[in-house]
Amino acid sequence: MIDPSTNKTDSEVGRRTLRIELAPKTLFTIVAMVVAVALLTRLVPVILVLIAALMLVGTLNPTVEALERRKINRNVAIGVVFAAMLVVLGLLGVFTVPALVEQVASLVQQEPKLRAQLVKFLSSYPLTGSLAESLRSLKYAALFKSYSAEAMALSKDLFEIVAYGAGAFFLALYIMIDRDRLRGALYAAIPRAHHIKLSRILLNLETIVGGYVRGQVITCAMMAIFLFVLLTACGVPNAVAIAAFGGIADVLPFIGIFLTMIPAVLAALATSSFAATVVFVLLLCYEEFESRVLIPIVYGRALRLPSSIVLFALIAGGTLYGIAGALLALPVAATLLMLIDELKVEMPGETAQAKDDEIEADDVIGEEEYLRRTDGMPAEAAAGIALEISEEKKLQEDAAQKEDGVGSAGPDPVPVSSSSSPG
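Just so it is clear, the model here is predicted, and its values are computed rather than measured.

Criteria and cut-off values
Residues numbered from 1 in each chain as written. Predicted model: local features only at pLDDT ≥ 70, side-chain atom pairs only at ≥ 80, totals over all residues. Heavy atoms only, no water. Helix = DSSP H or I, 4+ residues; strand = E, 2+ residues; numbered from the N terminus. Buried < 20%, exposed > 50% of the residue type's maximum accessible area, 1.4 Å probe, protein only. Contact = heavy atoms within 4.5 Å. Areas by Shrake-Rupley, 256 points an atom, 1.4 Å probe, with all protein chains shown as cover. Axes fitted to C-alpha atoms, helices over the stretch in contact; angles between N-to-C directions. Parallel < 35°, antiparallel > 145°, perpendicular 65-115°, else oblique. Nonpolar A, V, L, I, M, F, W, Y, C, P; charged D, E, K, R; others polar. Expected span 1.5 Å × (residues − 1). Salt bridge = Lys/Arg side-chain N within 4 Å of Asp/Glu carboxyl O. Core = buried A, V, L, I, M, F, W, Y, C linked by side-chain atoms within 4.5 Å. pLDDT = per-residue confidence, 0-100. Phe/Tyr/Trp six-rings, centres within 6.5 Å; stacked < 30°, edge-to-face > 60°.

Student: Which residues make up the overall build of the protein, and what are the values?
Tutor: Check the secondary structure of the protein and you find 16 helices and two strands. The burial tally for the protein puts 30% of its 423 residues in the buried class. Sequence-distant contacts in the protein: of pairs separated by 6 or more residues, those separated by 24 or more amount to 72%. For the protein, the accessible surface area stands at approximately 26,700 Å², while carbon and sulfur atoms represent 70% of it.

Student: If you had to explain the packing of helix H3 (residues 44-69) against helix H10 (residues 195-233) to someone new, which residues and values would you point to?
Tutor: In contact at an axis separation of 8 Å, H3 and H10 are set at 95° when each is read in the N-to-C sense. Compared by their axis directions, H3 and H10 come out roughly perpendicular. Between H3 and H10, the contacting residues are Leu54, Met55, Gly58, Thr59, Asn61, Pro62 and Glu65 on the first element and Glu206, Val209, Gly210, Tyr212, Val213 and Arg214 on the second. Its residues placed into classes, the contact of H3 with H10 shows six nonpolar, four polar and three charged.

Student: Please set out H10 residue by residue, giving values where relevant.
Tutor: The α-helix winds at 3.6 residues per turn, so residues separated by three or four positions along the chain end up facing the same way. Here H10 is 39 residues long and its end C-alpha atoms lie 56 Å apart, about the 57 Å a rise of 1.5 Å per residue gives. Looking one or two places after H10, you find Gly235, whose phi comes out positive at around 75°.

Student: Talk me through the environment of Lys394; I want residue IDs and the actual numbers.
Tutor: Within the fold, Lys394 resides in helix H16 (residues 379-407). Taking the C-alpha atoms as reference, Lys394 lies 8.1 Å from Arg200; in sequence the two are 194 residues apart. Other than its neighbours up to four places away in sequence, Lys394 contacts Leu203, Asn204 and Thr207.

Student: Please provide a residue-by-residue account of unusual backbone geometry, values included.
Tutor: Its identity is not glycine, yet Lys71 carries a phi of approximately 70°, on the positive side. Summarising the element assignment, Lys71 is placed in the loop between H3 and helix H4 (74-109). Assessed through its relative accessible area of 78%, Lys71 is described here as exposed.

Student: Before we move on, could you go through the pattern of salt bridges and cite the residues and values that matter?
Tutor: Applying the stated criterion across every chain yields a total of four salt bridges. Of the charged contacts, one joins Arg181 and Asp178 as a salt bridge, the two residues approaching to 3.0 Å between their closest N and O atoms. On the basis of relative accessible area, Arg181 is assigned to the exposed category, the value being 57%. Arg179 is paired through a salt bridge with Asp180; the nearest N and O atoms lie 3.0 Å apart. Among the ionic contacts, a cluster of salt bridges with common partners joins Arg179, Asp180 and Arg183.

Student: Outline the nonpolar core, supporting the account with residue identities and numerical values.
Tutor: One finds Leu227, Leu231, Ala264, Val279 and Leu283 to be the most contacted residues of the largest nonpolar core, which totals 21 residues. For this core, the elements supplying multiple residues, two or more each, are H10, helix H11 (239-249), helix H12 (256-271) and helix H13 (273-299). Excluding residues within four positions of it along the chain, Leu227 makes contact with Ile242, Ala243, Gly246, Thr260, Ala264 and Leu283. Val49, Ile78, Val81 and Met85 belong to the second-largest nonpolar core, a separate cluster that totals 17 residues.

Student: With reference to specific residues and values, describe the confidence of the model for the protein.
Tutor: When the pLDDT values of the protein are averaged, the result is 75; 74% of them are 70 or greater. The secondary-structure element of the protein with the lowest mean pLDDT is helix H1 (residues 10-14), recorded at 52, while H10 shows the highest, at 85. Below pLDDT 50 for its whole length, residues 406-423 participates in 50 contacts with residues either more than four positions away or in separate chains.

Student: So what about the packing of aromatic side chains? Which residues, and what values?
Tutor: For the coordinates displayed, the defined rule picks out four aromatic pairs. Ring centres 5.3 Å apart and planes at 90° place the aromatic pair Phe169 and Phe170 in the edge-to-face group. The class for Phe169 is buried, based on a relative accessible area of 13%. The exposure class assigned to Phe170 is partly exposed, which follows from its relative accessible area of 44%. Both rings, one in Tyr286 and one in Phe289, keep their centres 6.0 Å apart while their planes meet at 50°; by these two values the pair is tilted. Of the two residues, Tyr286 and Phe289 are both situated in helix H13; the distance of three residues between them amounts to about one turn of the helix. Judged by its relative accessible area of 37%, Phe289 is partly exposed.

The following block contains the structure:
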């Protein structure tokens, strides 16, 4: 119907126009955020290189500072540490790569024998009979043809990993050489009232990253040595290749031990069923020893993550960025928890404790002392004083925690690392 007063239909009268206008500042913010997200997705490899370089800095910096305390020039100490690392890596390559290539070739030559042994073992059980038949009729020509493209892609990825690794090495070298200027620029960008908190975060980051990398190196090396001795004692051929693979796989929590067991047990099965059983049982025993005894000693207080967080971090990191994401998942998760604690982020369901008030009061005193001592100083010089105050406070806290640990009824929680079991 038409309204005589307005000469419009009922639908036209009930219709309303909703007009949305965005302020120029809001529109600019949205565009900037979209561009920033797009750039971050494109710069993921660069970000990973930066993270790897910072991890390398956190790992080697304590050694450089130890040499500095012995009255050695910092640049000389940096050169000595990086040269020593290159020498160690070169020696490892010289002594392991040729033997590894030779033993991998030997494994390929012995494949028919190993497959026959495995088929015979699987055929002896009704549940695995079909699997044995499939393994017996496996055609390698079709398999190699289907995976030729994947092999080319893998070789390209391997080259990129080597190139990014070299970039991380030299970036870490430059960061350590320009430490004072970079640190001064960082502190100049942060309000001086927050310098103490920033210095505590940097110290904790060095503890987390350095402890994680050094712990990974030690635990992986010990796994490789143990596996080599075990396989050699059991008379299993190609011990070097399998031990090297086991040492590399040990960097992955939870699944590393299973990746190691598969080739080790299969290679031992070609020798005898008794050798395969011994290798399987002793690897399980070593896994328990590593997670319960070795890791708490090696890692100390570097990482303290519940097993649920470890598993979630690994799944998230591996899904997003593959092996590199899985390797970086644990220190990133530990860093996030540390930031939540240091920045006093209130979590749902958490109640304030009297100890938190004491810590906050101590932080206020430390910040006042820092502002008094650095009045009129440039940011580069003030950064050194902030770190000095934070180091003294950290030493006091560590001493207090040790005293509390001696007097407490139970041990500290066990830190999680390369092969921690869920239990």
